2 protein chains.
Amino acid sequence: VTEVSEIGEFGLIDRIRSRRVPHDEDVVLGIGDDCAILRRGPVLEVLTTDCLVEGSHYQPGWLDMTDVGWKVIAVNVSDVAAVGGVPKHALVTLFLPEDLTVKQIDDLYDGMERCGEEMGVVVVGGDIVKINGPFGVSVTLAGVCERDEIVLRSGARQGDTIVVTGTLGDASVGLKALRDGTAGSESETMDGCIARFRRPVPRLRESRAIIEQLQPTSMIDISDGLLSDLWHIMEASGVGATLEAQEIPIGSGVIDFFGGNEEEALSQALAGGEDYELLFTIKSRFEEKLPDLAAGLGTKFTPIGKITAKGAGVRLAGQAGERELERGGFDHFGPAV
Amino acid sequence: VTEVSEIGEFGLIDRIRSRRVPHDEDVVLGIGDDCAILRRGPVLEVLTTDCLVEGSHYQPGWLDMTDVGWKVIAVNVSDVAAVGGVPKHALVTLFLPEDLTVKQIDDLYDGMERCGEEMGVVVVGGDIVKINGPFGVSVTLAGVCERDEIVLRSGARQGDTIVVTGTLGDASVGLKALRDGTAGSESETMDGCIARFRRPVPRLRESRAIIEQLQPTSMIDISDGLLSDLWHIMEASGVGATLEAQEIPIGSGVIDFFGGNEEEALSQALAGGEDYELLFTIKSRFEEKLPDLAAGLGTKFTPIGKITAKGAGVRLAGQAGERELERGGFDHFGPAV
């Protein structure tokens, strides 16, 4: 008897994906990407779902209910942004333990609405279930996309430039501080790291700009960590990648946290997760457009490497030469937070 | 400090619904009906979500994993049928306790696929979370509907005939037997009741036929019990209702179960819940079409009463005269199963 924990989250997804699914010509994108994309006459519907559960995604005290509300909308918006869609409407399922207060629910909805207002998302329904277990909230986000604007994980080609928005690693350092109980006793930079863990800002405007101006060949949002999510692009596209160590935009909180240890800071930025930045590939001729895009949006756009041949894996090029990196990032189905 | 359990499921839904929601002209139907209906250019998208959680909706042993898979798709299809939509695509979120086996997940997907095949639904994505709590599966079902085919809860008018599909009460008797531990030692009729609880068959074909041939003024699916769901129509439409006691299509399992006690059998049929039949209202001139419709589909269609004036509540007319009924049915947020 094999328990699910033995094959892990990605093993289980592979198993589910490998089932004989009835052919449906309305399914443009099915199981395994950030979103499903479905044909509805002349329109393409985008659907994604993501949940936050106490004890699984966070421990009591790490997030207040307003944070939970913000974050559960934000992580879904991030998935829609990653395929080039426009999020519109959310369904919310609440898993409520007996002792939850009405105030906590109000706070949760405040957080969802605040993020929803910024991202153009309205809650239109849901479900409520009393549960003898931990609090959880599951959101399904629906939206639309244009046929010629869909960006899949599978379009990266050898020679393409790999680009990432913003900075990496701060959110996971914030999570580390919360886990270690050192949050609160820390610096302003650490407060920033914790805020990034609690209230990620999905790169929706950036996604629109990337699609309109850079003709991206592939895109994904970084939830599990840059390396882990880059692997998803590599597998779907059948390519390898070389990253330039000195180009990785390590968050200032990461550098503070690890003091002078550059190797540890880099590792945290590459594998930490929870960044909700966009990782995408473009033809190298579009690189020259990045500075203007960055200036217009007030967001960093950093070329961090190149797509290489299939089977090459991920290589990290530094001053001491190149080395191969093991597949990194963290598996939500692995050890609980 | 008010706990959520004090205001109940419907109290909480009212509270959520009363929040100031940003105006969105794309929302044709929002919080509070069986589904959300959303404008997507020329297309109307239907979205609904419903979950099954062990310990909340059923206890271990009441459903095997194939039943859970069947039922979680079926209850969502039932909601789409209730608004006149056509279900298409499902997202599935799994809440997995540590000790679940891969075989159990395979069985769950077998059940979802079997119901999906019959109802034209394909699973296109989802989410997986390891949970320190009970097993649960949450499904969001997406589909489409035609503008002139949408049936809301709010269109019932005085003088309309109230109609219900199939028979009532058997599923809740099956649930009773499972709860009392008397299932298995019972008759063939009881096996039928338990099967109705485990594998409800949503009235999707019937919904299409009702819409195409009867111009229904309102419709809902019976999940909480006929009386409770009739109240939803009455509140949304601003009307009352009178039911004819001798017309209520009481399931044969209910009659068996309560022996000669007609009053208890009737009460079970009116308030038991879990039927997943359609309850709808039509102009009385369409009543004559019901026999042909029933013959064509092999499904009972029973006129059970009339819509009356606002404020009249629900009255039950029997041989001994009329009496007013209290609001019945069961609240999922009340005492757990």
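Predicted, not measured: the structure shown is a model, and the values here were computed from it.

A. View of helix α7 (residues 226-237) of chain B. Along its twelve residues, α7 of chain B runs 16 Å from first to last C-alpha, staying within 8% of the 16 Å computed at 1.5 Å per residue. Phi for Gly238 of chain B, located one or two positions after α7 of chain B, is positive at around 70 degrees.

B. Spatial organisation of the pattern of salt bridges. For the structure shown, the criterion picks out 39 salt bridges over all chains. Salt-bridge contacts for Arg19 of chain A lead to Asp110 of chain B; the nearest nitrogen and oxygen are separated by 2.5 Å. Note that Arg19 of chain A is positioned in the loop between α1 (4-17) and β1 (27-29) and Asp110 of chain B in helix α3 (residues 102-119), a pairing that runs across two chains. Classification of Arg19 of chain A as buried rests on a relative accessible area of 16%. Sharing partners across several salt bridges, the network here consists of Arg196, Arg203, Arg205, Glu206 and Glu277 of chain A.

C. Broad picture of the packing of aromatic side chains. Residues and elements named next belong to chain A. Scanning the model with the defined rule gives five aromatic pairs over all chains in all. Seen from their ring centres, Phe280 and Phe301 are 6.3 Å apart, and the 75 degrees between their planes marks the pair as edge-to-face. Separated by 21 residues along the polypeptide, Phe280 in strand β10 (residues 278-282) and Phe301 in strand β11 (residues 301-308) bring together distant segments of the chain. The buried category is assigned to Phe280, whose relative accessible area is 0%. The exposure class of Phe301 is buried, given its relative accessible area of 9%. Taking the ring centre of Phe197 as reference, the NZ or CZ of Lys71 above it sits at 3.7 Å.

D. Structural view of the side chain of Asp26 of chain A. Its place among the elements puts Asp26 of chain A in the loop between α1 and β1. At 4.0 Å, Lys88 of chain B is the nearest oppositely charged side chain to Asp26 of chain A, a buried residue that forms no salt bridge.

E. Representation of the interface of chain A and chain B. The interface of chain A with chain B comprises 74 residues on the first partner and 74 residues on the second. Here chain A packs against chain B, burying approximately 6,200 Å² in sum over the two surfaces, 64% of which is carbon and sulfur. A per-residue breakdown of the area chain A buries against chain B is headed by Arg19, Arg40 and Lys130 of chain A, which together make up 12% of the total. Counting across the chain A and chain B interface gives eight salt bridges. Put simply, Arg15 of chain B and Asp106 of chain A hold a salt bridge, and the shortest N to O gap is 2.6 Å. Between the two partners, chain A and chain B, sit 23 residue pairs in polar contact (both at pLDDT 80 or more).

F. Representation of the sheet that holds strand β9 (residues 240-244) of chain A. All names here are of chain A. Sheet architecture is open: seven strands sit in the order β8-β10-β7-β11-β9-β12-β13, paired in mixed fashion. Unpaired on one side and paired on the other, β8 (218-221) and β13 (321-325) mark the two borders of the sheet. Along the sheet, successive strands turn relative to each other by an average axial angle of 25 degrees, direction set aside. The sheet contact formed by strand β7 (residues 161-165) and β10 spans four bridges and is antiparallel. By the bridge assignment, Thr161 is partnered in β10 with Ile282. Taken strand by strand, helix α2 (residues 65-83) contacts β8 and β10, and its axis lies near 175 degrees from that of β8.

Here is what the cut-offs are and how they apply
Residues numbered from 1 in each chain as written. Chains lettered and ligands numbered in written order. Predicted model: local features only at pLDDT ≥ 70, side-chain atom pairs only at ≥ 80, totals over all residues. Heavy atoms only, no water. Helix = DSSP H or I, 4+ residues; strand = E, 2+ residues; numbered from the N terminus. Expected span 1.5 Å × (residues − 1). Salt bridge = Lys/Arg side-chain N within 4 Å of Asp/Glu carboxyl O. Buried < 20%, exposed > 50% of the residue type's maximum accessible area, 1.4 Å probe, protein only. Phe/Tyr/Trp six-rings, centres within 6.5 Å; stacked < 30°, edge-to-face > 60°. Lys NZ or Arg CZ within 6 Å of the ring centre and 35° of its normal. Lys, Arg positive; Asp, Glu negative; His and termini not counted. Contact = heavy atoms within 4.5 Å. Buried area = accessible area lost by both parts, 1.4 Å probe. Polar contact = N/O pair within 3.5 Å; in protein donor to acceptor, adjacent residues only side chain to side chain. Pairing = 2+ DSSP bridges. Axes fitted to C-alpha atoms, helices over the stretch in contact; angles between N-to-C directions.

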